[in-house]
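Chains, contacts and geometry: an overview
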Amino acid sequence: MSSSEQKQYFSTELLSWYRRHKRDLPWRRSRNPYHIWVSEIMLQQTRVDTVIPYFNRFMDKFPTVEALAEAPEDEVLKAWEGLGYYSRARNLQSAVREVKERYGGVVPDTKEEVSSLKGVGPYTTGAILSIAYNKPEPAVDGNVMRVLSRYFLIEDDIMKGSTRVSMEKLAQELIPEGAAGDFNQALMELGALVCTPKSPSCLTCPVMAHCAGRAAGVEESLPVKTKAKPPRPERRYAVVIEGVAEHAGQVLIRQRPAEGLLARLWELPHAAVPTAPAAAEPRGEGADPAAAHAALAAHLAADGLGLGPIGWLMQAEHTFSHIRWEMDVYAGRLEEASALLLPVPLPSHYRWVNREEMEQYAFPNVFLRILNAYFGR
C-alpha cells in the first residue's frame, strides 16, 4: 500500500468508525464555540469522566461568553475547584472578556484571532476552529500524537517542537474535505478509548489492518517520548487552627497572594520544613511536634498571630507538575493571648469558616481533603 493509500484508508475508516461509535458528550450536542472552548480547556490534563459534571455545572452558572466575562473571579475559581491548574480558569475568563470587548461576545473564527486569545495554544485553536466552524485546522494533543506515531511508525521524540510541527502538518493532510470537526474528534476518541498509552486495544481498532507500528510489533513502545523530570518532593507542616468562643466550630483559613502558585485561592496556614529530616527520624503521628510548632509559629508570627500547642491530625500529599507537597498536618489553636484579642479584626487575608461557609471559598484539592477529613471526624 502506498503512503497516499495508507492515509486515505486511515481517514476514511476512522471517520466512519467515529460516526457510528462516538460518545454522547455534553459539549458535542452543539457547535457552540464557547461550549467547545470551555470543554477543551477543562479537558487539558483531566479525564473526560471527571470533566462532564464540571462542564455541566459551569454552563449552568456561566451559560454565555457574557456571563463568564462579567462573573466575579472568586465565583469562577469556586466553579473550577477540584479541576486543578487554576491558571486555566483565569486565562479563560481573561480571554472571554477580550471576546466580549473586541468581538461582541462572538468567538472569532480565524486562526490569527483565536490563537491570540490568552491561554489558547495551537491545540485549542485547532479544536475550536475545526469542531465549531468545521475549518480544516489540525488539533494535535498527546492522544493524537500517540495515534499518529503508531499508525505511521513515527519514531521521532514527541517532546520536540519539530516533531509537533510535522505531526500537525500530517494531521492536516489527513482531514477529509468538509469533515474537519468530526475527524479531529475521531482522532481524539481513538486515542482516548482504543489506542491507549498502555495495552492498546488493537483488535478493536478500526485502522488496525494498516497500522505500521503494529505490523512492526512496536505499538506499545510508541510514541518515543523523553521522560520529564519527576516532581521535586517538598515537605511542609500545615495546621488546622480551631476557633474558640464565638468562633467555636470554625477554622482559620487564609488567601494566597495575588501572584504565583495557586494565586488567590484559600488554604490552611502551612510552612516549609526548614531542614530535611534525617532518614531515621519518624514522620507522621510518631514525630515530635516541636519542630512543626516552631516552623508554624514563626510563619504565623509574620501576620501577628501566635500559635498555641498543636496535636497530630493527618498526613496529606499533593503533586503539581514540578513539585510534590508532602504535608504533616496538625490541629491547634491560637495562643491564649491572641485568642483573648478576638474579635479584633484578623489580617484581611484571613477568615474564620465552618463547614458550610467553606462553600464560599475556592480551595486547592489538598486543603479540601484535609478540611473534609477534619470536619468529618
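Here the structure is a predicted model, which means the values were calculated and not measured.

1. Overview of the overall build of the protein chain
- Across its full length, the protein chain carries 15 helices and 7 strands.
- Considered along the principal axes of its C-alpha atoms, the protein chain spans approximately 80 × 55 × 35 Å.
- For the protein chain, the residues scored as buried account for 50% of the 377 residues in total.
- The long-range share in the protein chain, meaning contacts at least 24 apart out of those at least 6 apart in sequence, stands at 69%.
- Treating the 43 positive side-chain charges of the protein chain as one cloud and the 46 negative ones as another, the clouds have centres 3 Å apart.

2. Notes on the pairing of strand β5 (residues 307-319)
- Sheet topology places β5 next to strand β6 (residues 323-334); 10 bridges connect them, and they run antiparallel. Bridge pairing in β6 places M314 opposite V329.
- Between β5 and β6, which pair antiparallel and follow one another directly, the connecting turn spans 3 residues.

3. Some remarks on the pattern of salt bridges
- By the definition in use, this model includes 22 salt bridges.
- Across the pair K100 and E70 runs a salt bridge, and its minimum N-O distance is 2.9 Å. Of the two residues, K100 is situated in helix α6 (residues 86-103) and E70 in helix α4 (residues 65-70); the sequence distance between them amounts to 30 residues.
- Classification of K100 as partly exposed rests on a relative accessible area of 33%.
- Here the salt bridges do not stand alone but share partners, grouping K7, K169 and E173 into one network.

4. Considerations on the sheet that holds β5
- Within the open sheet, the 4 strands sit side by side as β4-β1-β6-β5. Their pairing is mixed. A single partner strand is all that each edge strand has here, and the edge strands are β4 (270-272) and β5. For this sheet, the mean inter-axis angle between neighbouring strands, taken without regard to orientation, is 25°.
- Contacts from helix α13 (residues 290-301) reach β1 (232-241), β4, β5 and β6, with the element oriented near 95° to β5.
- This element, helix α15 (residues 365-375), spans β1, β4, β5 and β6 of the sheet and lies at about 130° to β5.

5. Looking at the UniProt feature "domain: HhH-GPD" (unreviewed entry) in the protein chain
- Residues given the UniProt feature "domain: HhH-GPD" (unreviewed entry) here are residues 42-193.
- Annotation note: span residues 42-193, helix share 68%, strand share 0%, distance between end C-alpha atoms 18 Å.

6. Observations regarding the domain arrangement of the protein chain
- Annotation of the protein chain at the domain level lists domain 1 (3-221) and domain 2 (232-376).
- Taking only C-alpha atoms, the centre of domain 1 and the centre of domain 2 are 38 Å apart.
- Contact residues are listed per partner, giving 7 residues for domain 1 and 12 residues for domain 2.
- Summing the contributions of domain 1 and of domain 2, the shared interface buries around 870 Å²; its carbon and sulfur component is 47%.
- In this structure, the salt-bridge partner of E73 is R264, at a minimum N-O distance of 2.5 Å.
- The tally of links between domain 1 and domain 2 comes to 7 residue pairs in polar contact (both at pLDDT 80 or more).
- Mapped by element, the contributors of at least two residues to the side of domain 1 that touches domain 2 are α5 (73-80) and α6.
- For the side of domain 1 that touches domain 2, the residue count by class is 2 nonpolar, 1 polar and 4 charged.

7. So, unusual backbone geometry
- Between L222 and the following residue, P223, the backbone shows a cis peptide bond with an omega angle of 5°.
- If you trace the backbone, P223 turns up in the loop between α12 (212-215) and β1.
- Of note, the phi angle at L262 is positive, near 55°, even though the residue is not glycine.
- Judged by relative accessible area, which is 13%, L262 ranks as buried.

8. Description of the packing of helix α1 (residues 3-21) against helix α10 (residues 161-174)
- The contact between α1 and α10 brings their axes to 9 Å, and the two run at 70°. Looking at the two axes, α1 sits roughly perpendicular to α10. Touching K7, F10 and S11 of α1 are L170, E173 and L174, all from α10.
- The residue inventory of the contact of α1 with α10, partitioned by class, reads 3 nonpolar, 1 polar and 2 charged.

The rules we used
In this numbering scheme, every chain counts its residues from 1 along its sequence in written order. Given that the model is predicted, a residue must reach a pLDDT of at least 70 before its local features are reported, and side-chain atom pairs must reach 80 or more before they are shown or counted; all residues, however, enter totals for whole chains, interfaces and linings. Excluding hydrogens and water, the side-chain values take into account all heavy atoms of the structure. Going along the chain from the N terminus, every DSSP run of H or I of four or more residues is numbered as a helix, and every run of E of two or more is numbered as a strand. Type-normalised accessible area, obtained with a 1.4 Å probe on protein chains alone, sets the label of each residue: buried when under 20%, exposed when over 50%, and partly exposed for intermediate values. Residue contacts follow a heavy-atom distance rule, with two residues in contact if any of their heavy atoms lie within 4.5 Å. Under the counting rule used here, the positive set is Lys and Arg, the negative set is Asp and Glu, and His together with the chain ends is not counted. For the purpose of locating charges, the reference atoms are NZ of Lys, CZ of Arg, CG of Asp and CD of Glu. Strands are labelled as partners when DSSP assigns at least two bridges between them. One side-chain nitrogen of Lys or Arg within 4 Å of one carboxyl oxygen of Asp or Glu is enough to make a salt bridge. Every axis corresponds to a line fitted to the C-alpha atoms, with the helix fit spanning only the stretch in contact, and the corresponding angles, defined between N-to-C directions, vary from 0 to 180 degrees. UniProt positions are given in the numbering used here, feature names are shortened, and annotations may be inferred rather than shown by experiment. Domain start and stop points were drawn from an automatic or database domain assignment. Buried area: the accessible surface (1.4 Å probe) lost by two parts on joining, summed over both. Polar contact is the term for a pair of N or O atoms within 3.5 Å; when the atoms are in protein, one must be able to donate a hydrogen and the other to accept it, and sequence-neighboring residues count only if both atoms are side-chain atoms. Classification used: nonpolar for Ala, Val, Leu, Ile, Met, Phe, Trp, Tyr, Cys and Pro, charged for Asp, Glu, Lys and Arg, polar for all others including Gly. Geometric relationships in this document are graded by angle, where less than 35 degrees denotes roughly parallel, more than 145 denotes roughly antiparallel, 65 to 115 denotes roughly perpendicular, and other angles denote oblique.

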